[in-house]
Amino acid sequence: MEWSLDNVREMVAGGMQSIRECEICAFAIAVCVLLLFMWYCYRVGREHGSSPLRGRYLAGPSRIGGVVGGFMSSDCRGRGKGKRGSMLEEQNGFAFCQSSECFRCTSAGESLNQRLYHSLQDYAKRYTWSGMGRVHKGVRDQGRYLNSRPTIQRPEVFFLPDLPSAPFFSREVQRHDVELLEQSFPALLAEFESIYHQPPARSGSSLPPGWKANNTPRGQWWTYYLVNQGTPLVLNVRRCPRAWRVLGQLRTFIANNVFGNACFSVLTPGALITEHYGPTNVRLRCHLGLRVPPSCELVVGGEPQCWSEGSCLLFDDSFLHRAFHEGGAEDGPRVVFMVDLWHPNVAAAERQALDYIFTPGRLEDKEGK
């Protein structure tokens, strides 16, 4: 090949043309990738229309049912109006609630198992089956697991197999969140004082706004929910901005999931909370002691423990448990700040799937279809 100016020009022109063609192809590929990414984001946004914990209470009072005073019965997310709403207000906690609109009060058995399986299939179709081995196993055999569990540990709604279980857990398993809660002890105590000493919500009631009374064989058990079965209580949250900020900083708080709760819990002298089970073993219940007089005790799986002011107690409430306050009137109430945290051995992929399956309202909506 003879080298000449014309040949060099032809070679350069051919090279430039090839580069232009490559640039066009690369640009077209980049546009396609960008469009696919935008479509994926749109789809994820539609599937998870519920906002995360931060800022959810800004949605306004419409997120709360028609319960007087801006609070609902423990784990009854009252959607009723009028007479129905007043009935819900007088309902009691997990162990005593009989509302058809409470997630834990919906009938278990085949109906719930089928709804769980359909929700898991929906999740897998939209996302992935990867990492879903235990969740799939638990959903598939849920009836057998719940019926065959020993009486010491028998969750009422959902059991995830192959999770290490014990009545009490070391604070080290959720060290970050435990330390954050304990560092927030002064702020949480001050916020409790501000809501506890308000005048009664209405005439004839001894409870300040936002508080509810739960059934107990003796004494009084009062709760003030910020999050009830995964749903923030707007009016209560607005009265407790510091506690809400603390919840937003927790790494393992169960938010936007019917198994997630956060509340102030008060036991008056002489009160007894009878033995009962929690709904699932995928969570650990954390109690931060705010006021702990003598003669108060929590018994989980037959093991007794005492609260301590400014310290957290982690336990698996799917074990049979009870609490009591045997002090006198001069001792004052026992007060804890209660939050539900993920069990440390539930993997991130499993948490995401369980959040999808147990999003507030998802299983109830499926029942009516």
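Just so we're clear, the structure is a prediction, and the values are computed from it rather than from any experiment.

Here we take up the overall build of the chain. When helices and strands are tallied, the chain shows 11 helices and 12 strands. A burial count over the chain gives 50% of its 369 residues as buried. Restricting the contact set of the chain to residue pairs at least 6 apart, pairs at least 24 apart contribute 73%. Total accessible area computed for the chain in this model is approximately 17,400 Å², and 55% of it derives from carbon and sulfur atoms.

In this fold, Arg-242 is placed in helix α9 (residues 241-249). Overall, the relative accessible area of 35% leaves Arg-242 in the partly exposed class. Once residues within four sequence positions are removed from consideration, Arg-242 is found in contact with Ala-187, Ala-190 and Glu-191.

Now for the nonpolar core. Among the nonpolar cores identified, the biggest contains 37 residues, and Leu-181, Trp-211, Leu-247, Phe-264 and Phe-337 are the most heavily contacted of them. Of all the secondary structure elements, the ones that give two or more residues to this core are α6 (175-183), α7 (185-196), β3 (221-228), α9, β5 (262-267), β7 (283-291), β10 (312-315) and β12 (334-342). Leu-116, Tyr-123, Leu-163 and Val-346 belong to the second largest nonpolar core, which has 23 residues in total.

Criteria and thresholds
Residues numbered from 1 in each chain as written. Predicted model: local features only at pLDDT ≥ 70, side-chain atom pairs only at ≥ 80, totals over all residues. Heavy atoms only, no water. Helix = DSSP H or I, 4+ residues; strand = E, 2+ residues; numbered from the N terminus. Buried < 20%, exposed > 50% of the residue type's maximum accessible area, 1.4 Å probe, protein only. Contact = heavy atoms within 4.5 Å. Areas by Shrake-Rupley, 256 points an atom, 1.4 Å probe, with all protein chains shown as cover. Core = buried A, V, L, I, M, F, W, Y, C linked by side-chain atoms within 4.5 Å.

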